Each structure stands twice: as structure tokens, then as C-alpha cells.
Amino acid sequence: MAFIPKGKHLIAGQWLDGAGTFPSQPAHGPVHEFAAGSVELVNRACEAAEEAFWVYGYASRADRAAFLRAIADEIEARAEEITEIGTQETGLPVARLQGERGRTTGQLRLFADHIEKGEFLDRRFDAAVPDRQPAPRPEIRLIQRPIGPVAVFGASNFPLAFSTAGGDTAAALAAGCPVVVKGHSAHPGTGEIIAQAIDAAIKKTGMHPGVFSLIQGGNRQVGEALVQHPLIKAVGFTGSLGGGRALFNLCAARPEPIPFFGELGSVNPMFLLPEALKARAETLGQGWAGSLTMGAGQFCTNPGIAVVIEGGDADRFVASAKENLEKVAPQTMLTDGIAKAYRDGQARFESRNAVKPVLVTESSARQASPNLFETTGEQFMGDHALSEEVFGPLGLVVRVSSLDEMQSLARSFEGQLTTTIHMDANDLDAARKLRPVLERKAGRVLVNGFPTGVEVVDSIVHGGPYPASTNFGATSVGTMSIRRFLRPVSYQNMPEGLLPDDFFG
């Protein structure tokens with residue numbers, strides 16, 4: 001049976017109407033009406049989250065882990081319905097939604113295992129030294145504690161992995177923080193069915209209902225009210241540079257400023273070193289074309305720029321990339337707005353005399369076809385607009401004259417989520433010079449791979465210097481993401497009976 005949304009908000013266990021409605025805009029399938037968010041609903045959700053924190057924030061790690069696993073179970077119980085409405089709303093293929101669902105449930109279970117081990121608490125102990133001179137030293141213990149209610153904004157490009165029960169929500173719940181989600185209007189039905197799964201898990205495990213709320217749609221005031229609500233203690237966001245920066249500024253301007261963990265924009269440049277390019281230019285061109293067009297180029301790790309040294313090997317690489325891009329059929333983009341932004345980005349490149357078109361296609365409505373351009377290093381460094389993200393399957397080849405110019409170009413980049421080196425053994429000396437530059441620019445540095453695809457593991461960093469993200473010391477993927485929603489507290493001369501249970505469990 002097809003999933004038919006309630007079209008309501010979930011606020012602390014209750015399904016509520018809103019102030020008016022808005023229609024979904026699916027790529028195909030039926031249109032549904034959804035209740036619009038309001039400032040009043042934000043207030044109710046935040047107050048319920050604060051009430052829940054006094055229970056959930058002090059629950060055992062075992063209970064929180066059981067809750068995370070229950071959410072994963074309830075999502076899997078709705079697998080077919082999630083895939084159906086997810087593909088309708090986003091236009092993403094079935095295999096993509098199935099894979100993203102597995103990533104989402106796997107992440108929840110990984111976080112459950114991680115918090116049970118207790119290593120994330122960073123427990124420290126310095127014994128008292130009563131006879132120290134000239135003054136005795138007290139006993140001091142340290143542990144990480146949850147910060148309070150967290151606001152999460154759903155992402156347009158990941159309806160499951162970075163939205164209602166995605167990375168930010170899973171990390172906050174693992175840390176012990178209730179969550180208020182501002183659903184993305186691009187996939188409200190997908191958001192609702194995941195919220196239903198979380199609601200079922202709350203009931204199954206006996207959690208306080210205020211531990212999770214979903215507010216759908218609404219105008220800009222709803223998002224602003226959420227980040228400015230005095231009970232919210234941090235915000236997780238994945239989206240555009242403009243929207244994220246506006247919310248970041250609001251968080252900083254509050255009477256009590258709070259951290260804004262925003263993943264914003266990245267072009268994820270690749271640097272193809274001479275011996276690698278000589279040995280496998282055609283293979284690299286083919287691989288780049290595949291990565292560039294994966295999911296219609298709508299990945300935050302899409303490698304939009306390839307830097308090569310001018311010459312015949314670069315010609316072979318460009319020809320291979322063009323040949324393989326020409327084989328890619330038009331793909332459906334996530335929203336009409338994203339499709340228009342892609343066409344605008346293409347037009348920006350076409351309007352510049354410094355840019356040479358290699359492959360120019362025509363995209364219309366929500367369909368996107370790949371485009372390829374090239375320029376020189378000098379022209380690239382003289383025009384900042386060429387380094388700005390185009391969200392979609394558009395690639396830019398930057399031809400430089402030497403390794404020294406490649407090094408200078410690398411230094412010119414702003415912060416990135418990823419940077420990549422393609423190299424062979426004889427490129428090692430050049431790579432050694434390049435690596436220190438790239439690690440200052442990005443949270444993840446790859447060798448001989450493509451950055452699309454982010455492993456959910458302990459060692460991953462999905463973040464980077466601004467504008468890739470607003471907090472270069474954080475990651476939105478992997479177990480270290482839980483640390484964003486904790487803060488260290490020291491306890492001095494405190495009796496064991498008064499210390500938090502996490503010190504001993």
C-alpha cells in the first residue's frame with residue numbers, strides 16, 4: 001500500500017496542523033498538502049525539547065543506544081514506503097534511495113555501538129596531591145556532557161542521510177541532546193515517514209516525547225525563530241553558502257551566541273600530477289566524468305575542478321572526460337530551484353571570455369546535462385567566480401604551466417571539504433610539496449580516488465575551513481560528529497556518589 005502522508009507536524013508526540021498549507025513538488029507521482037510551520041510551533045517544540053533534556057540528557061548510554069537502534073529498526077520496517085515517496089519527491093533513482101537508507105540506519109547503529117563503549121566521553125582524572133608545596137592540589141575529573149536541545153535543518157540533496165534522522169540528528173541524540181528538525185520542503189513526505197519511525201521508536205523505548213519534533217515548511221521566519229530560540233544550544237545545517245551564512249550570523253548575534261555547524265560549499269579540486277597523467281590520462285578522464293555526474297552532480301563532494309599541467313597528456317585527459325560526459329543522459333535534479341541555479345551557473349561560465357567551452361549542453365525544467373569548460377591558471381586566479389561552486393554536473397579544467405604554478409593555484413583556493421592528488425610513484429616529490437598546502441585547505445585529502453562517497457567511520461572528517469563549513473574543527477559524518485554536541489565539564493573534589501554515572505559505566 002502506498003504511503004499517504006498525514007501532512008502534519010510532529011511536536012512532542014502529537015501530530016499537529018499548522019498555519020496554512022503548502023503543496024509538495026514531486027518529480028513524479030501525486031502532490032500532497034502539508035501543514036506549514038510557524039513560530040508558535042517552534043516555541044512548543046523547543047519547550048518540549050528542554051523538558052525532555054532533563055530526562056534524556058541524563059539517561060544511560062545503554063538506553064540512548066537502544067533508542068538509536070530502535071529508530072534504525074523502525075526505518076527499515078518502512079523501507080519500501082520510504083523508497084517510493086523518496087523517489088517521487090526527489091527524482092533520485094531507487095538504488096540511490098536504498099543505499100542512502102542503509103547508510104542512515106548503519107550510522108544510527110554505529111553511533112549506538114560507539115556511545116556504549118564510552119570513549120567519546122574523554123574521561124580524565126588527576127589525583128589529589130595533598131602534600132604538594134606551596135599549595136595542595138585538589139582532585140579533578142573531566143568528562144564530556146550534552147549541551148541541550150539542538151536544531152537540525154534538513155538537506156535538499158540527502159533526504160535520508162542528512163535530513164530528519166540523518167547525521168546531525170543521530171549525533172545529537174547519541175550525545176544526549178533532544179532534536180528539533182526543520183524539514184526541507186523539497187521532500188516533506190520523506191521527512192514525515194522518517195518522523196513516524198522516530199515517533200514509533202520513542203514509544204517503543206519509553207523515551208520522553210519531547211526528545212524529537214519535526215516542523216515542516218513555513219517561511220524564513222520559522223527557521224530564524226528556531227536558531228534564535230533561547231532554549232536551542234546548537235544548530236546543524238547542510239545547504240547553500242548564502243542560506244547557511246545568514247543562519248550563522250543569526251546564531252552569532254543572539255544574546256547567548258551558539259555554535260552553528262554548517263556545511264556550505266565546496267568545489268573539491270583535484271590535482272593531477274605529471275606521471276599519473278602521462279600513465280593514465282584516459283582512465284582519469286573517464287573516472288572524473290563518472291564522479292562529476294554521479295547523482296546529477298548533486299553531492300557536496302562533487303569534484304568540480306581538475307588542475308593539470310598543460311601539454312599533450314592534458315589534452316588526452318580533457319578529450320576522455322568530454323567523450324565520457326557526452327554519454328551521460330539528462331538527469332532529474334532535486335528541485336526546480338536547484339535546476340535553475342545549475343543553469344545560472346552554466347551561464348556564468350559561458351559569459352566569461354577567459355573560459356573556453358569544451359562541452360556545452362542545454363538543460364531545461366528539472367533535467368540537467370553535463371557541461372565542461374577549461375581555463376588557464378592565471379585566468380582562474382584572476383577571477384574568483386570561477387572558484388565558486390556550481391551545484392550539478394559541471395566541470396572546469398584548469399591548465400597550469402608547471403608544478404610551481406600548480407602549487408600557487410593550490411594556495412589560492414578557499415576552504416574545501418576535500419582535495420585530491422592523483423599520482424604515481426615518480427610523483428612523490430611533487431606530492432610531498434603539495435600535501436601540506438592541501439591539508440590546510442580541506443578536511444579530507446585523497447590520493448588516487450574520487451571524493452564522491454563519504455565513509456561513515458571513526459576516522460572520517462566531513463568538514464573543512466570556511467566556506468566548506470563554519471567550524472573547521474568539526475565533522476558532520478562519522479563518530480567524531482557526536483563531539484559537536486558535547487562540552488567538557490571538570491569536577492573538583494566531588495564525592496563519587498555525586499559524580500555523573502558515566503564516570504563509572
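As the structure is a computational prediction, the values presented were derived from the model and not from experiment.

## A few points about the overall build of the chain
Phase 1 of the analysis: Counting secondary structure elements, the chain contains 14 helices and 21 strands.
Phase 2 of the analysis: On the principal axes, the C-alpha backbone points of the chain span a range of 75 × 70 × 40 Å.
Phase 3 of the analysis: Across the 505 residues that make up the chain, the buried fraction comes to 58%.
Phase 4 of the analysis: When contacts within the chain are restricted to residue pairs at least 6 apart in sequence, those whose partners lie at least 24 apart make up 77%.
Phase 5 of the analysis: Taken as a whole, the chain presents about 20300 Å² of accessible surface, with 51% of it coming from carbon and sulfur.
Phase 6 of the analysis: Side-chain charges of the chain comprise 47 positive and 56 negative groups, with the mean position of each set lying 3 Å from the other.

## Things to note about a nonpolar patch on the surface
Phase 1 of the analysis: On the surface, a cluster of nonpolar side chains totalling about 370 Å² of accessible area is made up of Trp54, Val55 and Tyr58.
Phase 2 of the analysis: Position of tryptophan 54 among the secondary structure elements: in helix H1 (residues 39-56).
Phase 3 of the analysis: On the accessibility criterion, tryptophan 54 (54% relative accessible area) is exposed.

## Remarks on the environment of asparagine 324
Phase 1 of the analysis: Position of asparagine 324 among the secondary structure elements: in helix H10 (residues 312-326).
Phase 2 of the analysis: In sequence terms asparagine 324 and alanine 289 are 35 residues apart; their C-alpha atoms lie 6.1 Å from each other.
Phase 3 of the analysis: In this structure asparagine 324 touches Gln286 and Ala289, once residues within four positions along its chain are discounted.

## So, the layout of surface pockets
Phase 1 of the analysis: Space inside the second largest pocket adds up to approximately 250 Å³.
Phase 2 of the analysis: If you trace the second largest pocket, you find 14 residues lining it, with Arg103, Phe158, Phe299, Gly453 and Val454 closest to the centre.
Phase 3 of the analysis: Here the lining of the second largest pocket is composed, by residue class, of seven nonpolar, three polar and four charged.

## Some words on the packing of aromatic side chains
Phase 1 of the analysis: Enumeration over the complete set of coordinates arrives at 17 aromatic pairs.
Phase 2 of the analysis: For the ring pair tryptophan 288 and phenylalanine 317, a centre distance of 5.5 Å and an interplane angle of 20° mean the geometry is stacked. With a gap of 29 residues between them, tryptophan 288 in helix H9 (residues 274-293) and phenylalanine 317 in helix H10 connect regions that are remote in the sequence.
Phase 3 of the analysis: Joined through ring pairs, the aromatic side chains of Phe153, Phe237, Phe248 and Phe260 make up one cluster.
Phase 4 of the analysis: Arginine 484 extends its terminal NZ or CZ atom over the ring of phenylalanine 261, reaching a point 5.7 Å from the ring centre.

## Here we look at the pairing of strand E8 (residues 179-182)
Phase 1 of the analysis: Burial along E8 is two-sided: the residues Val179 and Val181 and Val180 and Lys182 are all buried.
Phase 2 of the analysis: With four bridges joining them, strand E7 (residues 150-153) and E8 adopt parallel strand pairing. Pairing of alanine 151 across the sheet is with valine 180, part of E8.
Phase 3 of the analysis: Following the chain from E7 across helix H5 (residues 167-175) to the adjacent parallel E8, one finds a crossover that is right-handed.
Phase 4 of the analysis: Judged from the four bridges that link them, E8 and strand E9 (residues 212-215) form a sheet pairing that is parallel. Bridging across to E9, valine 180 finds its partner in serine 213.

## Considerations on the environment of glutamate 282
Phase 1 of the analysis: Examined against the element boundaries, glutamate 282 turns out to sit in helix H9.
Phase 2 of the analysis: When its relative accessible area of 39% is taken as the criterion, glutamate 282 is described as partly exposed.
Phase 3 of the analysis: For the pair glutamate 282 and arginine 487, spaced 205 residues apart in sequence, the C-alpha to C-alpha distance is 49 Å.
Phase 4 of the analysis: Beyond its immediate sequence surroundings of up to four residues, glutamate 282 is in contact with Arg316 and Ser320.
Phase 5 of the analysis: Within the structure, the side chain of glutamate 282 is placed 2.8 Å from the side chain of arginine 316, a separation counted as a polar contact.

## A closer look at the sheet that holds strand E21 (residues 486-492)
Phase 1 of the analysis: Here three strands make up an open sheet; going across it, the order is E5-E6-E21 and the pairing antiparallel. The outermost strands of the open sheet, each flanked by one partner alone, are strand E5 (124-126) and E21. Within this sheet the neighbouring strands show an average axis-to-axis angle of 25°, counted without direction.
Phase 2 of the analysis: As paired strands, strand E6 (residues 140-146) and E21 are joined by seven bridges and run antiparallel to one another.

## Re unusual backbone geometry
Phase 1 of the analysis: The residue after glutamine 133, namely proline 134, is reached through a cis peptide bond having omega 10°.
Phase 2 of the analysis: Residues other than glycine seldom take positive phi values, yet asparagine 268 does so here, at roughly 50°.
Phase 3 of the analysis: The topology assignment puts asparagine 268 in the loop between strand E11 (260-263) and strand E12 (270-272).
Phase 4 of the analysis: Positive phi outside glycine occurs at asparagine 448, with the angle close to 55°.
Phase 5 of the analysis: If you trace the backbone, asparagine 448 turns up in the loop between strand E20 (442-447) and E21.

Quick notes on the rules
Residues numbered from 1 in each chain as written. Predicted model: local features only at pLDDT ≥ 70, side-chain atom pairs only at ≥ 80, totals over all residues. Heavy atoms only, no water. Helix = DSSP H or I, 4+ residues; strand = E, 2+ residues; numbered from the N terminus. Buried < 20%, exposed > 50% of the residue type's maximum accessible area, 1.4 Å probe, protein only. Contact = heavy atoms within 4.5 Å. Areas by Shrake-Rupley, 256 points an atom, 1.4 Å probe, with all protein chains shown as cover. Lys, Arg positive; Asp, Glu negative; His and termini not counted. Charge placed at Lys NZ, Arg CZ, Asp CG, Glu CD. Patch = residues over 30% accessible without salt bridge, like charges linked within 9 Å, V, L, I, M, F, W, Y side chains within 5 Å. Salt bridge = Lys/Arg side-chain N within 4 Å of Asp/Glu carboxyl O. 1 Å grid on protein atoms, 1.4 Å probe; cavity = no way out; pocket = protein on both sides within 12 Å on 5 of 7 lines; lining within 4 Å. Points joined across faces, edges and corners; volume = space filled by probe spheres on them. Nonpolar A, V, L, I, M, F, W, Y, C, P; charged D, E, K, R; others polar. Phe/Tyr/Trp six-rings, centres within 6.5 Å; stacked < 30°, edge-to-face > 60°. Lys NZ or Arg CZ within 6 Å of the ring centre and 35° of its normal. Pairing = 2+ DSSP bridges. Right-handed = clockwise from strand over helix to strand, strands pointing away. Polar contact = N/O pair within 3.5 Å; in protein donor to acceptor, adjacent residues only side chain to side chain. Axes fitted to C-alpha atoms, helices over the stretch in contact; angles between N-to-C directions.

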